[in-house]
Amino acid sequence: MQGMSSSSATKVLFELYGKEGIKGLYRGGLPLLIGGSVMRSAQFGVSAKTKELLEANKVPRYNFFNTLDSYVLLAGIAGGLGRAMVEIPTDFLKIRRQVARDLKEHISFHVIRRNFLDGSLVTFSRNTILFTSFIIYIDLSKQMCSAGLVPSFLCTSDSSGLTPFAKGAICANLAWITCWPFDVVKTQRQSGIYDTNTGSWNLLKENIKAGNMFRGLLPGLIRSSIANGTSMVVYETVHSYLSNYFKVQRKDVL
């Protein structure tokens, strides 16, 4: 929807289902399946390693406004950049398949070689904002849970933070809202529908002028709630199990 010049989410859904059925709703899913696990491993792994290195090298630590930990901020930025390295090529393929008018249309190697870096700069920017804000919101949620500012049914039994599903869904949604205008531009740059000579900054200004900064936000948040909520449950379960099994201390920033 972000890569199209018009049409509502409902219209896109019914048109796609009418032409291609259930299969059409999963168009472009293979690149996401291949890159998704690596992408998330990169963001969590890089952020955890960055925090570990900061602590090991005793880099000065600051607490901005008595709320924002500089280690959390730097770890989030590093994790976002790590995610972008994987996401740029896989998202290019995913988006090109999703916006293709002809189902039988194939992406040639020439197009991939020439265009797969389209939108790479805005992807780095979007991911830096996305994962950094995600980590910050998780850190803030821990402080709010400890202070009793969050309903108990959303918190863990010891009130040290949100439950895994709530943490994944709520913090990810807040992060997506924070960076959504950049995600719209990223999708437009990678779709191939817009003039490749039009830069990301000009697209952003055009979206602001047209009121499209948050185009496709509602479907995005619904997807994010389900995907990130369930992913965080699996992540926490597997991470805790493996940490206990191998008797190692958790070093992630979540």
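A brief structural summary. Just so you know, these numbers come straight off a predicted model, no measurement behind them.

The rules behind these values
Residues numbered from 1 in each chain as written. Predicted model: local features only at pLDDT ≥ 70, side-chain atom pairs only at ≥ 80, totals over all residues. Heavy atoms only, no water. Helix = DSSP H or I, 4+ residues; strand = E, 2+ residues; numbered from the N terminus. Rg over C-alpha atoms; globule rule 2.2 N^0.38 Å. Contact = heavy atoms within 4.5 Å. Areas by Shrake-Rupley, 256 points an atom, 1.4 Å probe, with all protein chains shown as cover. Lys, Arg positive; Asp, Glu negative; His and termini not counted. Charge placed at Lys NZ, Arg CZ, Asp CG, Glu CD. Expected span 1.5 Å × (residues − 1). Bend = angle between axes of the 7 residues up to and from the residue. Buried < 20%, exposed > 50% of the residue type's maximum accessible area, 1.4 Å probe, protein only. Phe/Tyr/Trp six-rings, centres within 6.5 Å; stacked < 30°, edge-to-face > 60°. Patch = residues over 30% accessible without salt bridge, like charges linked within 9 Å, V, L, I, M, F, W, Y side chains within 5 Å. Salt bridge = Lys/Arg side-chain N within 4 Å of Asp/Glu carboxyl O. Arc of directions from axis to C-beta.

## Considering the overall build of the protein chain
Phase 1: Each helix and strand counted, the protein chain has nine helices and two strands in total.
Phase 2: Starting at the N terminus and ending at the C terminus, the protein chain contains elements arranged as α-α-α-β-β-α-α-α-α-α-α.
Phase 3: Relative to a compact globule of 254 residues, whose C-alpha radius of gyration would be 18 Å, the protein chain shows 20 Å and is just as compact.
Phase 4: Across its three principal directions, the C-alpha atoms of the protein chain cover 50 × 40 × 35 Å.
Phase 5: Across the protein chain, contacts joining residues at least 24 apart in sequence account for 69% of those joining residues at least 6 apart.
Phase 6: Per element, the accessible surface of the protein chain, about 14400 Å² overall, is 64% carbon and sulfur.
Phase 7: The average position of the 29 basic charges and that of the 17 acidic charges among the side chains of the protein chain differ by 3 Å.

## Considerations on helix α3 (residues 29-56)
Phase 1: Along its 28 residues, α3 runs 40 Å from first to last C-alpha, staying within 8% of the 40 Å computed at 1.5 Å per residue.
Phase 2: The largest bend along α3 reaches roughly 35° and is located at Gly35.
Phase 3: Among the residues of α3, Pro31, Gly35, Gly36, Met39, Ala42, Gln43, Phe44, Ser47, Ala48, Thr50, Lys51 and Leu54 are the ones counted as buried.
Phase 4: On its buried side, α3 packs onto α4 (70-99), α6 (120-146) and α9 (217-245).
Phase 5: One or two residues past the end of α3 sits Lys58, with phi positive at roughly 50°.

## Some thoughts on the packing of aromatic side chains
Phase 1: Inspection of the entire model under this criterion finds seven aromatic pairs.
Phase 2: Taken together, a centroid distance of 5.8 Å and an interplanar angle of 75° make the contact between Trp176 and Trp180 edge-to-face. In this pair, Trp176 and Trp180 are both assigned in helix α7 (residues 164-191), four residues apart and thus about one turn of the helix distant. You'll find Trp176 and Trp180 in the same group, each marked buried.
Phase 3: Grouped by ring-pair contacts, the aromatic residues Phe44, Phe131, Phe134 and Tyr235 constitute a single cluster.

## Regarding a nonpolar patch on the surface
Phase 1: Judged by side-chain polarity, Val234, Val238, Tyr241, Leu242, Tyr245, Phe246 and Val248 come together as a nonpolar surface patch covering roughly 740 Å² of accessible area.
Phase 2: Tracing the sequence through the fold places Tyr241 in helix α9.

## Re the pattern of salt bridges
Phase 1: A complete count under the given rule lists ten salt bridges for this structure.
Phase 2: Across the pair Glu20 and Arg27 runs a salt bridge whose closest N-O atoms are separated by 2.2 Å.
Phase 3: The exposure class assigned to Glu20 is partly exposed, which follows from its relative accessible area of 21%.
Phase 4: A salt bridge links Asp91 to Lys94; the shortest N-O distance between them is 3.5 Å. Here the residue Asp91 and the residue Lys94 both occupy positions in helix α4, the gap between them amounting to three residues, near one helical turn.
Phase 5: One salt-bridge network, in which partners are shared between bridges, spans Arg83, Glu87, Arg126 and Asp183.

## A short note on helix α8 (residues 200-210)
Phase 1: Those residues of α8 that sit buried are Leu203, Leu204 and Asn207. The arc that holds every buried residue of α8, seen down its axis, measures 100°, which confines them to one face. Relative to its buried face, α8 has exposed residues pointing more than 90 degrees away, namely Trp201 and Lys209.
Phase 2: The secondary structure elements touched by the buried residues of α8 are α7.
Phase 3: Trailing α8 by a residue or two, Gly211 shows a phi angle of about 75°, which is positive.

## As for the side chain of Asp91
Phase 1: Judged by its relative accessible area of 4%, Asp91 is buried.
Phase 2: Once residues within four sequence positions are removed from consideration, Asp91 is found in contact with Arg126, Lys186 and Gln190.

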